[in-house]
Amino acid sequence: MAWWIRAGSNITKLAIKRRTISQSIPYAIRKTISSPQNQYFHSSTFKSSPPVPRSVPLSRLTDSFLDGTSSVYLEELQRAWEEDPNSVDESWDNFFRNFVGQAPTSPGISGQTIQESMRLLLLVRSYQVNGHMKAKLDPLNLENREIPEDLELALYGFDEADLDREFFLGVWRMSGFLSENRPVQTLRTILTRLEQAYCGNIGYEYMHIADRDKCNWLREKIETPVPTHYNRDRRLVMLDRLIWSSQFENFLATKWTAAKRFGLEGGETLIPGMKELIDRSADLGVESIVIGMPHRGRLNVLGNVVRKPLRQIFSEFSSGTKPVDEIGLYTGTGDVKYHLGTSYDRATRGGKRIHLSLVANPSHLEAVDPVVIGKTRAKQYYSNDLDRTKNMGILLHGDGSFAGQGVVYETLHLSGLPNYTTGGTIHIVVNNQVAFTTDPRSGRSSQYCTDVAKALDAPIFHVNGDDLEAVVHVCELAAEWRQVFHCDVVVDIVCYRRFGHNEIDEPSFTQPKMYKVIRNHESALDIYQKKLLESSEIANEDIDRIHKKISAILNEEFIASKDYVPKKRDWLSAYWSGFKSPEQLSRIRNTGVKPDILKNVGKAITTLPENFNAHRAINKIFKDRSQMIENEEGIDWAVAEALAFATLLVEGNHVRLSGQDVERGTFSHRHAVVHDQETGEKYCPLDHVTMNQNEEMFTVSNSSLSEFAVLGFELGYSMENPNALVIWEAQFGDFANGAQVIFDQFYSSGEAKWLRQTGLVVLLPHGYDGQGPEHSSARLERYLQMSDDHPYVIPEMDPTLRKQIQECNWQIVNVTTPANYFHVLRRQLHREFRKPLIVMAPKNLLRHKECKSNLSEFDDNKGHPGFDKQGTKFKRLIKDKNNHSDLEEGIRRLVLCSGKIYYELDEERNKVDGDGKELAICRVEQLSPFPYDVIQRELNRYPNAEIVWCQEEPMNMGAYSYVAPRLWTAMRDIGRGEMEDIKYVGRGPSAATATGFYQVHVKEQTGLIQNALKPDPISTNIMC
């Protein structure tokens, strides 16, 4: 293709003539402009007719397009023709006769010159590139688009006299109109078919794709000799589906006139289009589809595409969604009906069965996009779908949000990354041509709302939403593209919104002209029924019969909805069978591991291959790690984490860790992937923990520089199967605010709103060590503020009856020992429910000389020092290191803290109270839900101690605001004082999280440490 593209500039310099009769040509009747996309035409024009070149040997031609293989190919053809004209195709015979001046006397391609051939090739290419600009996409016909000049026939030196001349267009290794096997055609026939293919009710954008095979594949599909035609049976199916789509909306509007439903009126062809897409995908091998979409049309998709029972939808309109009381049935807070998801198996038109999942979504348009992609990728892993053809994602978008929401691009950008790709997603834009009240000219800078997808080389099919068959055609084409090329594709259904953003809005306030047209505009159903009647293929009786059938079913379902009783919720997929709801008691399990397993996996994770040329510093790190395992002491943070991963892998669980720079670790501590310094080869020790380990069973992957999309992806991944430890790590904890929508709308509240559990772990590096405002705080206070455990009510804390973690929305920990980190990670899987876990991950503790654990603290043996120190499970609170008795009346101060500040407090205490007779320091490892029982245990241990909460964060940040009322509740319950008896020691309130001046940081940190342990009583809060 490239050689004739390069020809453009040379040919036009030689031969293009702008004719004054252009207005008389039927193919150039619209207003024309010079297209900014035109890179190959110059403005040179000629006063006379194009010159006819003299006959010269091909080998002497100097045109730039005749370089490389193309000139050799033509030379070989010419030599064969000179020896025997019958040895080449008739079209090439005519070409060479014309070229050497032996033009035939019969009509045909008489006089076709090289220049004319090139100009004709450029004309075809202009339609391929810019034909969509002339396509009739707007069903309201409000868009007054200017047509590019390069679609004007006269630009190429042709006039009406040329329309009935025959031309040959064959080009080597091209498809469609330019294929060598296409017959000689008149210019009129060529132009007519070009107009039909590129300027009808479908506008194709694909020439931005650099891959020749992909473009040729599309040309074969688009530039067919004749337009696509559906037979009577297919048309009846499409009509039936369109009537279902239309009558469903009409029925809801009639029964619930004042209810918000975000109907699909104006875009009803989406439903038959989606159903045909799903049918075609199933025929091509897809077995499961995950769907994400905004609220417009969601109820229609639920009822008609996914096939949620209509009586259930109608019941939700009439009486809400809360099920009847039933033991163990958790109903949560619920959500509005147009946010809910569901999943069903349905039969396809081709007789296949396919599983459809519609993911629940908040009102934050596009936030669900990465969640769908992550869930799809997980399905591919668990079904061993290595070629990614059995599981697929479909994302529906609005035109305003597709262009305006940054997460769209973040999600698109994941599509080609090795550990995030799903083999292509089909995007469908329901293009209302208005976003709520904002016109496109105010909502985007690009020509189309879909232009962002061009960055991916994704083909884009714009289609007039009033043309049902065109919508179906591009949806089927999208399904085929995805299965053939395993990459994204976009369908842009240009339609309209018959009512406002919701049914009680008045859209004429802001779009009066548009809604004046809409009020008088026929529906897509009326348009299609007329088309079928005019074709005489379908009679009025056929149409009436379908209407009556659907109307009867809708009324039957409505009557049944009045007695509909919601059934006990099938929690999730089959993988979640047996998992407990928050109202069902789950027993507490130990998380220790047998010593021999720890030693075996410890050897695997600390050993590099013999001939592997690791960096010398890496070799030392792994040698030190091997010594830790061998000596069973000095286990640091990275080794503890690797041991947690490895032991879970041995138990048959999937482990996935992703985020920015997680393979090495932001702080160069993890080294989960090691690079050969000579060959660049990678080695991951955790891929070799078990024999013949699946290469994806442990996945650690550096992500793109995205928080929103990557966290959403991992959330979706974690929701598919509970038997996986899925972790997202922020580069620094405060960077997580780039994904705040996921935290707020999905992670913290998804179980309450949509009854969907997740065990996703989020690691947020946190700690004050003088790195300034953006690298100190993970904003712990934000997550604690969203915790839903009651600050003034102590729940049941008996270990045999405790459901505290089950009943809260998530867990937040600030862990201080490698062993406790090991146990909290393993605890995520060793329980009968799943709950989000946020870890304030350390920075300087990664290498702190005191932050070490013995291997015995990881095992499951009882009765040894390691067990006495750690036990066999996660410790929500770590008591004072001095092994105080159950009653220590001489201790004058109990300092409660969380995180790495403990080590600084302990270092200072060693100076002022070396024997630990006056001061006690306890670490609250689990902040939420609040560990009332162990807090009260320590309060009772030190009955005479003043109580101090010490933190390094400012007073309006960190854990203080969360801890204080809960600590007071614990004190009040055992008669230990009032709120004012809790003394605060830490930084004062601040707008910024930390100072940017290192000397100031040191002064503040030293001051709060010393004040927390000073000998005098603390009479008031101390702010440093």
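### Some points on empty space enclosed by the protein
Phase 1 of the analysis: Overall, the coordinates contain 11 cavities of 30 Å³ or more when judged by the stated rule.
Phase 2 of the analysis: Per-element tally for the lining of the second largest cavity: the top contributor is helix α21 (residues 637–650), with 4 residues.
Phase 3 of the analysis: In terms of residue class, the lining of the second largest cavity is built from 8 nonpolar, 1 polar and 3 charged.

### Some remarks on the sheet that holds strand β11 (residues 460–464)
Phase 1 of the analysis: Read across the open sheet, the 8 strands follow the order β5-β11-β12-β10-β9-β6-β8-β7; overall the sheet is mixed. Strand pairing shows two members of the sheet lacking a second neighbour, β5 (202–205) and β7 (342–347), which therefore form its edges. Within this sheet the neighbouring strands show an average axis-to-axis angle of 20 degrees, counted without direction.
Phase 2 of the analysis: Across the sheet, helix α11 (residues 369–382) lies against β6 (288–292), β8 (353–358), β9 (391–398) and β10 (425–431), angled at about 170 degrees from β9, the strand it touches most.

### Quick notes on the environment of histidine 615
Phase 1 of the analysis: Mapped onto the fold, histidine 615 is located in the loop between α19 (595–605) and α20 (616–631).
Phase 2 of the analysis: When its relative accessible area of 34% is taken as the criterion, histidine 615 is described as partly exposed.
Phase 3 of the analysis: Residues histidine 615 and valine 674, spaced 59 residues apart in sequence, show a C-alpha to C-alpha distance of 8.6 Å.
Phase 4 of the analysis: The contact partners of histidine 615, leaving out residues within four places of it in the chain, are His675 and Gln677.

### Concerning the sheet that holds strand β26 (residues 982–987)
Phase 1 of the analysis: Taken in spatial order, the 6 strands make up an open sheet running β21-β23-β22-β25-β26-β27, and their pairing is mixed. The open sheet has two free edges, formed respectively by β21 (877–878) and β27 (1022–1023), since each of these has just one partner strand.
Phase 2 of the analysis: With 4 bridges connecting them, strand β22 (residues 893–897) and strand β25 (residues 946–954) associate as parallel partners. From the neighbouring strand, leucine 894 faces β25, where its bridge partner is isoleucine 947.
Phase 3 of the analysis: On the sheet, helix α29 (residues 901–912) packs against β22, β23 (919–924) and β25 and is oriented at approximately 170 degrees with respect to β23.

Here is what the cut-offs are and how they apply
- Residues numbered from 1 in each chain as written.
- Predicted model: local features only at pLDDT ≥ 70, side-chain atom pairs only at ≥ 80, totals over all residues.
- Heavy atoms only, no water.
- 1 Å grid on protein atoms, 1.4 Å probe; cavity = no way out; pocket = protein on both sides within 12 Å on 5 of 7 lines; lining within 4 Å.
- Points joined across faces, edges and corners; volume = space filled by probe spheres on them.
- Helix = DSSP H or I, 4+ residues; strand = E, 2+ residues; numbered from the N terminus.
- Nonpolar A, V, L, I, M, F, W, Y, C, P; charged D, E, K, R; others polar.
- Pairing = 2+ DSSP bridges.
- Axes fitted to C-alpha atoms, helices over the stretch in contact; angles between N-to-C directions.
- Contact = heavy atoms within 4.5 Å.
- Buried < 20%, exposed > 50% of the residue type's maximum accessible area, 1.4 Å probe, protein only.

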